[in-house]
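Now for the letters of each chain:
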Amino acid sequence: MNKAHFKYLLILLFYFLTNKGFSSHVPGGNITYECLGNNRYVITLNLFENCGTAFIKNEPTYISIADNCSLSASDRTLPIISFQEEVSQICPSLISQSTCNGGIYEGYYKHIYQDTITLSDTCNWNLSYHDCCRNASNNLQGSGNDFYFETTINSNAACNSSPVINALPVPTFCVNQPATFNLNTYEPDGDSLIFSFYHPRTSDNSNYAPFNAGYSANQPIPGIQIDSQTGQIEFTPNQAGKFDLAILIEEYNGSFLVGSMVYDFQILIVNNAGCTNTAPIAQIPLLNNIQGESIADSNSLTLCMGESVCFDVEFLDQTGDSLFINSNISDYFSGATLTQTSFLSPATATICFSANPGSNPVANISVTAEDNGCPTVGKTFEIITINTILNTYA
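To start, this report covers the structure provided alongside it.

About the cut-offs
- Residues numbered from 1 in each chain as written.
- Predicted model: local features only at pLDDT ≥ 70, side-chain atom pairs only at ≥ 80, totals over all residues.
- Heavy atoms only, no water.
- Helix = DSSP H or I, 4+ residues; strand = E, 2+ residues; numbered from the N terminus.
- Rg over C-alpha atoms; globule rule 2.2 N^0.38 Å.
- Buried < 20%, exposed > 50% of the residue type's maximum accessible area, 1.4 Å probe, protein only.
- Contact = heavy atoms within 4.5 Å.
- Areas by Shrake-Rupley, 256 points an atom, 1.4 Å probe, with all protein chains shown as cover.
- Lys, Arg positive; Asp, Glu negative; His and termini not counted.
- Charge placed at Lys NZ, Arg CZ, Asp CG, Glu CD.
- Pairing = 2+ DSSP bridges.
- Disulfide = S-S within 2.5 Å.
- Polar contact = N/O pair within 3.5 Å; in protein donor to acceptor, adjacent residues only side chain to side chain.
- Core = buried A, V, L, I, M, F, W, Y, C linked by side-chain atoms within 4.5 Å.
- 1 Å grid on protein atoms, 1.4 Å probe; cavity = no way out; pocket = protein on both sides within 12 Å on 5 of 7 lines; lining within 4 Å.
- Points joined across faces, edges and corners; volume = space filled by probe spheres on them.
- Nonpolar A, V, L, I, M, F, W, Y, C, P; charged D, E, K, R; others polar.
- Phe/Tyr/Trp six-rings, centres within 6.5 Å; stacked < 30°, edge-to-face > 60°.

Before going further, it helps to spend a moment on the overall build of the chain. When helices and strands are counted, the chain shows two helices and 29 strands. Here the C-alpha atoms of the chain give a radius of gyration of 21 Å, agreeing with the 21 Å that 2.2 N^0.38 yields for 394 residues. With the C-alpha coordinates of the chain rotated into their principal frame, the extents come out at 65 × 55 × 35 Å. Counting all 394 residues of the chain, 51% fall into the buried class. Once local pairs closer than 6 in sequence are excluded, the contacts in the chain between residues at least 24 apart make up 67%. Of the roughly 16900 Å² of accessible surface on the chain, 50% is carried by carbon and sulfur atoms. If you average the places of the 11 positive and of the 34 negative side-chain charges in the chain, the two averages end up 16 Å apart.

Written out as structure tokens, the structure is:
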């Protein structure tokens with residue numbers, strides 16, 4: 001019996017002996033990796049936890065590592081490098097009243113585990129995490145299901161690093177309001193990413209969490225859609241509650257699949273006092289006042305290597321709230337800037353960047369706008385696709 005399975009059985013034993021329900025516990029997580037060269041990888045496990053039923057301790061945990069050469073699996077200890085970082089999705093003035101701080105508003109912790117390991121480049125690798133207990137939800141049957149998510153590294157990866165996800169852990173939206181969301185993903189190698197909904201799992205061997213009637217892996221929330229090229233998610237929720245979903249991100253270098261990862265998470269739909277507020281709305285076309293040599297349409301821009309471009313993005317707010325605009329463009333383009341020039345509707349920010357050598361040929365940058373609603377902050381997520389064309393830049 002490996003250490004991860006032994007730990008899992010101890011948790012179950014503790015559960016039955018104490019009769020304490022862990023039905024609302026873990027709302028998601030994922031595993032990422034960064035190649036350092038010489039077959040060495042920094043492996044990171046990100047794990048989220050409901051503060052109201054938190055029992056994760058400040059100690060190392062285990063992931064399972066399997067390969068297709070030996071056809072065997074072993075456990076690897078990952079030291080904890082960040083414990084109980086609060087990431088509650090409520091307005092800043094009420095953070096002190098979250099369940100992480102003994103209050104009434106639902107709060108969440110983020111735990112990070114990390115270590116550097118060596119993986120042979122002649123094998124395909126599977127990195128996975130399995131534990132108890134999945135946060136209770138409206139769309140999955142039962143409560144306290146196990147959870148399992150995995151990341152793969154293929155032997156043709158040639159020192160590849162996984163995408164980096166900077167998404168909110170439990171994004172919160174209001175019932176009956178149009179919603180947008182994306183994983184705020186950065187791809188460090190310039191590879192192509194394909195996004196799709198995936199069936200949440202309870203363990204390896206294709207054991208899937210059962211959905212309630214009316215829900216499925218492709219429809220974890222009725223009417224939800226995902227753009228396979230950008231990962232942009234759109235839906236209009238008609239029921240308050242918690243909804244489990246998983247996204248499979250496949251990474252391609254040309255036509256070769258070099259890796260994949262599953263991001264398992266939960267969306268919270270509320271109907272509270274903050275929902276008299278409406279989320280910001282992106283002004284269409286999204287790109288305005290473009291300066292520099294480029295070709296643009298509503299939400300994409302094409303330029304040659306070596307060119308510099310600035311453009312404005314604008315968001316509207318129907319209730320007159322202040323709006324705050326952010327982007328991950330500096331992850332893709334070193335030295336890129338975002339300068340917000342107005343904060344009341346229409347709120348405007350100017351984004352400037354240069355497509356220098358080494359820039360990704362395709363960059364799907366995330367732009368977000370949020371208001372100062374409370375307790376629920378209204379958020380809108382947009383994707384801008386930037387295509388960089390190689391030329392004779394010197």
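Now, onward.
The next thing to look at is the sheet that holds strand β22 (residues 295-296). Sheet strands line up and pair through hydrogen bonds in the backbone, either parallel or antiparallel. Here five strands make up an open sheet; going across it, the order is β22-β23-β29-β28-β25 and the pairing mixed. Looking at the sheet topology across the chains shown, the edges are occupied by β22 and β25 (323-327). As defined by bridge partners, strand β23 (residues 300-304) adjoins strand β29 (residues 379-389) across five bridges and the pair is classed as parallel. Residue Ser300 lies in a different strand from β29, and its bridge partner there is Thr385.

In total, this model carries seven disulfides according to the counting rule given. Note that Cys174 is cross-linked by a disulfide to Cys275, the S-S spacing being 2.1 Å. Across the S-S bond of Cys174 and Cys275 the torsion is about -90 degrees, and the bridge reads as left-handed. Of this pair, Cys174 sits in strand β10 (residues 172-174) while Cys275 sits in the loop between β19 (256-270) and β20 (281-282), and the two are 101 residues apart along the sequence. For Cys174, a relative accessible area of 8% puts it in the buried group.

Position of His199 relative to the elements: it lies in the loop between β13 (192-198) and β14 (201-203). Between the C-alpha atom of His199 and that of Gln84, which follows or precedes it by 115 residues, the distance is 28 Å. Filtering out sequence-adjacent residues up to four positions away, His199 remains in contact with Tyr208, Ala209, Phe211 and Ala217. Looking at His199, its side chain comes within polar contact range of the main-chain oxygen of Ala209, at 2.7 Å.

Assignment of secondary structure puts Glu49 in strand β2 (residues 40-50). Among the residues examined, Glu49 registers a relative accessible area of 0% and is labelled buried. A polar side-chain atom of Glu49 sits 3.5 Å from a polar atom in the side chain of His25. When near neighbours in sequence (up to four residues on either side) are disregarded, Glu49 contacts His25, Pro27, Ala54, Phe55, Ile56, Gly107, Tyr108, Tyr109 and His111.

Our next topic: the nonpolar core. Formed by 37 residues in total, the largest nonpolar core has its most connected members in Leu183 and Phe235. If you list the elements that add at least two residues to this core, you get β10, β11 (179-181), β13, β17 (233-235), β18 (241-253) and β19. Looking at this core element by element, the count peaks at seven residues for β19.

Its boundaries defined by the atoms lining it, the second largest pocket holds a volume of some 370 Å³. Along the walls of the second largest pocket sit 18 residues, with Gln89, Leu168, Thr368, Glu370 and Lys379 positioned nearest its centre. Taken together, the elements giving at least two residues each to the lining of the second largest pocket come down to β25, β28 (362-371) and β29. Looking at the lining of the second largest pocket, its residues break down into seven nonpolar, nine polar and two charged.

Pairing within the open sheet is antiparallel, and its three strands lie in the order β11-β17-β16. Sheet topology places β11 and β16 (225-226) at the edges, where each strand pairs with a single neighbour.

A full pass over the atoms with the stated rule returns 13 aromatic pairs. Aromatic pair Tyr33 and Tyr41: ring centres 5.9 Å apart, planes at 70 degrees, arrangement edge-to-face. The exposure classification of Tyr33 matches that of Tyr41, with both residues buried. Pairing Tyr215 with Phe243 gives two aromatic rings, centres 6.1 Å apart and planes at 50 degrees, and the pair type is tilted. Here Phe243 lies in strand β18 and Tyr215 lies in the loop between β15 (207-208) and β16, a separation of 28 residues in the sequence. Taken together through their ring pairs, the aromatic side chains of Phe173, Phe181, Phe235, Tyr263, Phe265 and Phe381 make up a single cluster.

As for its position among the elements, Phe315 is in strand β24 (residues 308-316). For the pair Phe315 and Pro346, spaced 31 residues apart in sequence, the C-alpha separation works out to 5.6 Å.

With that out of the way, let us pick up empty space enclosed by the protein. Under the counting rule described, the total for this entry stands at five cavities of 30 Å³ or more. Put simply, the largest cavity is a space of about 110 Å³. Together, 14 residues line the largest cavity, and Phe173, Cys174, Gln177, Ala279 and Gly378 are the ones closest to its centre. Across the lining of the largest cavity, the residue classes tally to six nonpolar, seven polar and one charged.

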